[in-house]
Amino acid sequence: MSAAISLRNVVKTYKRGKESVPVLHGLSLEIPAGQFVSLMGPSGSGKTTILNLVGGLDHANSGEVIVGGEHLETLSGGQLTKWRAGHVGFIFQFYNLMPMLSAAGNVELPLLLTNLSKSERQRRVEVALEIVGLKDRASHKPGEMSGGQQQRVGIARAIVADPPLLLCDEPTGDLDRATADEILSLLQQLNRQHKKTILMVTHDPKAADHASRRLETDKGQLIERASVTA
Amino acid sequence: MKYVPLVWAAIMRKPTRAVLTLLSVMLAFTLFGLTIGMNATFAKVQEEARDDRIFAFARFGGLVPIALERQIEGMPGVAMVASSSFVPGYLHDPKNRIFVQMMDENIPKVLPEWPITPQQWQLIRDDRQGMLVSKMQADRWHLKAGDTLTIAAPAARKLDGSPSWTFHVAAITSDINYMSQGYMFGNFDYMDKARTLSDQSKTGQFRVKVSDPSKTAEIAAQIVSKFANSPTPLETITEKVAFDVSAGTGMDIASVDRDVALAGMFMVLFLTANGLAQAVRERFAEFATLKTIGFSDSGVIALVFAEAAIPCLMGAGLGIGLASIVSNVMPRFLPPGQGLPIPTMTIMVFVWAGLCAALVAFISAALPALRLKQMDIATALSGR
């Protein structure tokens, strides 16, 4: 299986005033296409930093970040933006939906960047909402939906442009256990049926159990943990 | 077009704020339209003023003996003199003010550019109670040729003490550009013969036409000098000066108008810039999300510019529209023929309004756009 994500000797340091805070020290990681990987670790251990680097939202100080065969460290800001639109779907802890747009309007956002016709955009939005089980709530605004439903809209928005990679930052962090399980099952379904590679940051060991591979960050290094379920 | 719902939803996210902003922009552009439209009127009036004519009238107010007309006509350089007076009154109710200018037979020769044919002038010569009514006034009072109009004029009583002046509408004539409320012209002879004996053979003012336009000012001074020691000293003013709104005020009225319009624009600029900055600040994480899912810097900035431009352009359109309505309605409440200026909504007023609205939108959006361009997505998403 080819690597969907490859990090080689990545170093990342943040500046806090005059102080430099090292987060990743020569970190390396290979994630084959089609894997569902969870990433756990204490706060400040670099989980979200890895997610941002893989998602092209941040640059490493040194090392290589190769995602889908693309060396992200060589791309400019504009090139990264274009690349993200076609290759990555983002799922956020607090959903990050536009409150004034309907569910369909939110899901359609990534498609506005394409040359698809209005009818084709609508068709794809319907398909995405159907996958997440919200076809009948297309016209509802986020404020009219529960947290779980809002996260489903967020997932539909992430998959509507059919990116091969989904990056999830604490996708169940704001949900109760039952709803969280539903969302995690949905992610499993996307991984298994739709062949999405998923990298999920979480603090929740039960959420991590839904992944096919478990990783933990500690002091800027990665530790492989045995999977409970797959 | 596909981004319109996104921009519209952003604007209507806070409907009260959006509506109040729109109303403020609209009112500012109404003021803008009226002031710049007034300047357009001043420019038009000034353009139409002739440099070969002089107004002459009693220096200390009141009427002037008509006999002076002959004496002025005999002065070197004077080509012709006409006289006119007026009947100020109202129709049925003092609120319905009417102002009939009573013209002698020389007026058509001294003011030949007026869009009134010799045949139409002849109608009020043939019928002393005849009246020429401009289209604007005919529309206002629902008059047509053949109608009879009786005006109450307490300030111009007749020989029998009656304030009623009856006129026959002889013809509906074209409007004169600078008479923004239209006009009503009657026969001076009718007025002169009908009023009290003490006022007969007197007129309100002379219109003097000179042979050489380069000597207009000189002749105006000569007229003043000639009658300085007479029982009725005269004052004169050339038509060019009379039609120049700034003359004698010691300031440039057009410039003051522009300053008022500019102040309105600054008010709108502060309002929209502050509103937009606040809106962008509130939605910083949403813009970060848009950039995360693939919206480019220029795309996000374009959304912000559109968010500024839509209320500005809509407000400008509505404001100028309201100014046009006010300009059209104003003549209904003003008596005709007094030359009170009414704003003119020329194409240039609309063009300037559009340009100013676009500029206000551009400046308002500039700082928020710069902030979005410099946004660090990861930091913005983390809420730090």
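Since this is a predicted model, take the numbers as computed values, not measurements. (Residues numbered from 1 in each chain as written. Chains lettered and ligands numbered in written order. Predicted model: local features only at pLDDT ≥ 70, side-chain atom pairs only at ≥ 80, totals over all residues. Heavy atoms only, no water.)

Trainee: Before we go on, may I ask you to explain the overall build of chain B in this structure?
Mentor: Helix and strand content of chain B: 14 helices and 11 strands. Over its C-alpha atoms chain B spans a radius of gyration of 29 Å, topping by over 25% the 21 Å that the globule rule assigns to 384 residues. Dimensions of chain B, computed from C-alpha atoms along their principal axes, come out at roughly 95 × 45 × 30 Å. Looking at chain B as a whole, 48% of its 384 residues are labelled buried. Residue pairs in contact within chain B that sit at least 24 positions apart in sequence constitute 78% of those at least 6 positions apart. For chain B, the computed accessible surface area is about 17800 Å², with 63% contributed by carbon and sulfur atoms. One way to put it: in chain B the 35 positive side-chain charges average out to a point 7 Å from where the 32 negative ones average out. (Helix = DSSP H or I, 4+ residues; strand = E, 2+ residues; numbered from the N terminus. Rg over C-alpha atoms; globule rule 2.2 N^0.38 Å. Buried < 20%, exposed > 50% of the residue type's maximum accessible area, 1.4 Å probe, protein only. Contact = heavy atoms within 4.5 Å. Areas by Shrake-Rupley, 256 points an atom, 1.4 Å probe, with all protein chains shown as cover. Lys, Arg positive; Asp, Glu negative; His and termini not counted. Charge placed at Lys NZ, Arg CZ, Asp CG, Glu CD.)

Trainee: Explain helix α10 (residues 253-282) of chain B to me, please; I cannot follow it from the model alone.
Mentor: In an α-helix there are 3.6 residues to a turn, and that puts residues three or four apart on one side. All names here are of chain B. The terminal C-alpha atoms of α10, which comprises 30 residues, lie 44 Å apart, in line with the 44 Å expected from a rise of 1.5 Å per residue. Along α10, the residues that are buried comprise Ile-253, Asp-257, Ala-261, Gly-264, Met-265, Val-268, Leu-269, Thr-272, Gly-275, Leu-276, Ala-279 and Val-280. Tucked into the core, α10 has its buried residues touching α2 (15-48), α11 (284-292), α12 (297-329) and α13 (347-373). (Expected span 1.5 Å × (residues − 1).)

Trainee: What is the right way to look at the interface of chain B and chain A in this model?
Mentor: At the junction of the two partners, chain B supplies 20 residues and chain A supplies 20 residues. When chain B packs against chain A, close to 1900 Å² is buried across both sides, 69% of that on carbon and sulfur atoms. Here chain B and chain A share zero salt bridges between them. Listed by contribution, the elements that provide at least two residues to the side of chain B that touches chain A are α1 (4-11), α11 and α14 (377-382) of chain B. Among the elements that line the side of chain B that touches chain A, the one with the most residues is α11 of chain B, at five residues. (Buried area = accessible area lost by both parts, 1.4 Å probe. Salt bridge = Lys/Arg side-chain N within 4 Å of Asp/Glu carboxyl O.)

Trainee: What is the right way to read the domain arrangement of chain B from this model?
Mentor: A common measure of how large an interface is: the accessible area buried when the components associate. Considered domain by domain, chain B is made up of domain 1 (4-47 + 250-382) and domain 2 (50-242). Taking only C-alpha atoms into account, the centre of domain 1 of chain B sits 45 Å from that of domain 2 of chain B. (Domains from an automatic or database assignment.)

Trainee: Even after reading the chapter, I still don't get the packing of aromatic side chains, so can you show me in this structure?
Mentor: Describing an aromatic ring pair means giving the distance of the ring centres and the angle of the ring planes. Residue and element names in this part refer to chain B. Overall, the coordinates contain 12 aromatic pairs over all chains when judged by the stated rule. The interplanar angle of 20° and the centroid separation of 4.8 Å between the aromatic rings of Phe-86 and Phe-99 together place this pair among those described as stacked. Of this pair, Phe-86 sits in strand β3 (residues 78-91) while Phe-99 sits in strand β4 (residues 93-103), and the two are 13 residues apart along the sequence. Using a relative accessible area of 39% as the deciding quantity, one classes Phe-86 as partly exposed. Taken together, the ring pairs in this structure connect Trp-114, Trp-121, Tyr-183 and Phe-185 into an aromatic cluster. (Phe/Tyr/Trp six-rings, centres within 6.5 Å; stacked < 30°, edge-to-face > 60°.)

Trainee: How should the nonpolar core be read in this particular structure?
Mentor: The tendency in soluble globular proteins is for nonpolar side chains to be buried side by side. Formed by 47 residues in total, the largest nonpolar core has its most connected members in Leu-109 of chain A together with Phe-29, Phe-32, Phe-287, Leu-290, Phe-295 and Leu-372 of chain B. Those residues within four positions of Phe-29 of chain B in sequence are excluded, and the remaining contacts are Met-265, Cys-312, Gly-315, Ala-316, Gly-319, Ile-320, Ala-353, Cys-356 and Ala-357 of chain B. (Core = buried A, V, L, I, M, F, W, Y, C linked by side-chain atoms within 4.5 Å.)

Trainee: Help me understand the sheet that holds strand β3 (residues 36-40) of chain A in this model?
Mentor: For sheets, the rule is that strands pair by backbone hydrogen bonds, running either parallel or antiparallel. Residues and elements named next belong to chain A. Read from one edge of the open sheet, six strands run β6-β7-β8-β3-β9-β10, paired in mixed fashion. Of all strands in the sheet, those bounded by a partner on one side alone are β6 (88-91) and β10 (221-225). For this sheet the average axis-to-axis angle between neighbouring strands, irrespective of direction, equals 20°. In terms of strand pairing, β3 meets strand β9 (residues 213-218) through four bridges, oriented parallel. Counted as the bridge partner of Ser-38 is Arg-214 from β9. (Pairing = 2+ DSSP bridges. Axes fitted to C-alpha atoms, helices over the stretch in contact; angles between N-to-C directions.)

Trainee: It is not clear to me how the pairing of strand β8 (residues 184-187) of chain B should be interpreted in this structure. Could you clarify?
Mentor: Look at any regular strand and the pattern is simple: side chains alternate between the two faces of the sheet. All names here are of chain B. Neither face of β8 is exposed, since Met-184 and Gly-186 on one face and Phe-185 and Asn-187 on the opposite face are all buried. In this sheet, β8 lies alongside β4 in parallel orientation, the contact comprising three bridges. Counted as the bridge partner of Gln-101 is Phe-185 from β8. The sheet contact formed by strand β5 (residues 130-134) and β8 spans three bridges and is antiparallel. Residue pairing for β8: Val-133 is matched across the bridge by Met-184.

Trainee: Help me understand a nonpolar patch on the surface, please; the structure alone is not making it clear to me.
Mentor: All names here are of chain B. On the surface, a cluster of nonpolar side chains totalling about 520 Å² of accessible area is made up of Leu-27, Leu-322, Ile-325, Val-326, Val-329 and Phe-333. With four residues, α12 is the single largest residue contributor to the nonpolar patch. Classification of Leu-322 by relative accessible area gives partly exposed; the value is 30%. (Patch = residues over 30% accessible without salt bridge, like charges linked within 9 Å, V, L, I, M, F, W, Y side chains within 5 Å.)

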